[in-house]
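So you can see what is in the structure, the chains are spelled out below.
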Amino acid sequence: MLTIEKLHVQFGKFTALDIQSPIRVEKGDRVGIIGSNGAGKSTLIKSILGLVPYQGTVRCQLKPAEIAVHMQFNGYTDSMPVKYIMEAVLQTKISGNRKLQELIAYFEFENCLKKKYSKLSGGQKQRFTIIMILMQDAPLTFYDEVTSGLDFETRQKLVEKLAEWYAGRDSSLCMVSHYYEELEQLADKLLILDEGKVIDYGGKEELFQKYCGRSVLILEACEQNERLVRDCRKLASPAHLLVLSCETEEMEEQTVSRLVRHNVNFKRSNNDIESIYCNACNAKLAYRGESYAD
């Protein structure tokens, strides 16, 4: 469906993207694009869409009209209620379009239709834009920070709605987000970027096993817990956490038993995206003689 190779984006002396190995997005793929600020995530989407100049190859089997896009910042006129904006852009009447009615109800947007865009809350603005995007029923959709600026509860509800909507559909998604819990619900592949380069690309389970092992146990980093797990294999992690790698079921059972005996709260995961990201970055830094903690 989409192939990217030898993609290079230069802004003056700054290299925003330098992707050498091919990246392929197939029908039905749900790709989470992750990386720190300035890693090139949004630039990659803009390159694919032809919004920034680039060198290299972007091949897409779809026509432009078959691709839907949610950009990080969206603006609409404030001269009329959003009901009329929706009908004008989509060129259909809400009263006569069953699919549009269903989307409005699904995203609980009925009470917002008479409001002007500036009077919508952040979550309502995102739901408005998502309804407009989903009406396209596109084979490929890009989402760039779809929940940016929303509070935790609003983010959770919106992501749950999106996950439910796409369940069982063969649409392909490419989603930029710095909220790992969102991608755990929506993504089955990960594209990890750092300083404009690809650290890794592949299935979420495959990358977890590659960088983290069979499973991980995640607990608070404190002196007591450090002493308790000093003989366990620790992975790269944010400073406030300890992430323990469990290579075998027996190893996991032994470590869990120890944590329970000492009344330690922990989370167990076999697909934690933050752990994948931290340890993929750490593997790259190891070649430079550095570490993630540096």
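Peer 1: What exactly am I supposed to notice about empty space enclosed by the protein here?
Peer 2: Empty space among the atoms becomes visible once a probe the size of a water molecule is rolled across them. On inspection of all chains with the given rule, the structure shows two cavities of 30 Å³ or more. When its volume is computed, the largest cavity comes out at roughly 70 Å³. Contributing to the lining of the largest cavity are Ile133, Leu134, Asp137, Ala138, Thr141, Trp165, Tyr166, Arg169 and Ser171. Listed by contribution, the elements that provide at least two residues to the lining of the largest cavity are helix H4 (122-134) and helix H5 (152-166). Residue classes in the lining of the largest cavity are distributed as five nonpolar, two polar and two charged. The space that makes up the second largest cavity amounts to roughly 50 Å³. What lines the second largest cavity is simply Leu2, Ile4, Ile23, Val25, Val31, Ile33, Leu44, Ile48, Cys174, Leu191 and Tyr201. At the level of elements, strand E1 (2-11), strand E3 (23-25), strand E4 (30-34) and helix H1 (41-48) are the ones that each hand at least two residues to the lining of the second largest cavity.

Peer 1: Even after reading the chapter, I still don't get the packing of helix H2 (residues 82-90) against H4, so can you show me in this structure?
Peer 2: When two helices pack together, their arrangement is given by the angle between the helix axes and by the axis-to-axis distance. Between H2 and H4, the shortest axis-to-axis distance is 11 Å and the interhelical angle comes to 20°. Between H2 and H4, the interaxial angle falls into the category roughly parallel. The chirality of how H2 crosses H4 is right-handed. When H2 is examined against H4, the residues Val82, Ile85, Met86, Val89 and Leu90 are found in contact with a partner set consisting of Phe128, Ile131 and Met132. The residue inventory of the contact of H2 with H4, partitioned by class, reads eight nonpolar, no polar and no charged.

Peer 1: Please clarify how the environment of Arg24 should be interpreted in this entry.
Peer 2: Following the sequence through the fold, Arg24 ends up in strand E3. Placed 177 residues apart in sequence, Arg24 and Tyr201 show a C-alpha to C-alpha distance of 9.4 Å. Look past the residues within four positions of Arg24 in its chain and what remains in contact with it is Leu2, Thr3, Asp29, Lys189 and Tyr201.

So, how was this worked out
- Residues numbered from 1 in each chain as written.
- Predicted model: local features only at pLDDT ≥ 70, side-chain atom pairs only at ≥ 80, totals over all residues.
- Heavy atoms only, no water.
- 1 Å grid on protein atoms, 1.4 Å probe; cavity = no way out; pocket = protein on both sides within 12 Å on 5 of 7 lines; lining within 4 Å.
- Points joined across faces, edges and corners; volume = space filled by probe spheres on them.
- Helix = DSSP H or I, 4+ residues; strand = E, 2+ residues; numbered from the N terminus.
- Nonpolar A, V, L, I, M, F, W, Y, C, P; charged D, E, K, R; others polar.
- Axes fitted to C-alpha atoms, helices over the stretch in contact; angles between N-to-C directions.
- Parallel < 35°, antiparallel > 145°, perpendicular 65-115°, else oblique.
- Left-handed = near helix turned anticlockwise from the far one by under 90°.
- Contact = heavy atoms within 4.5 Å.

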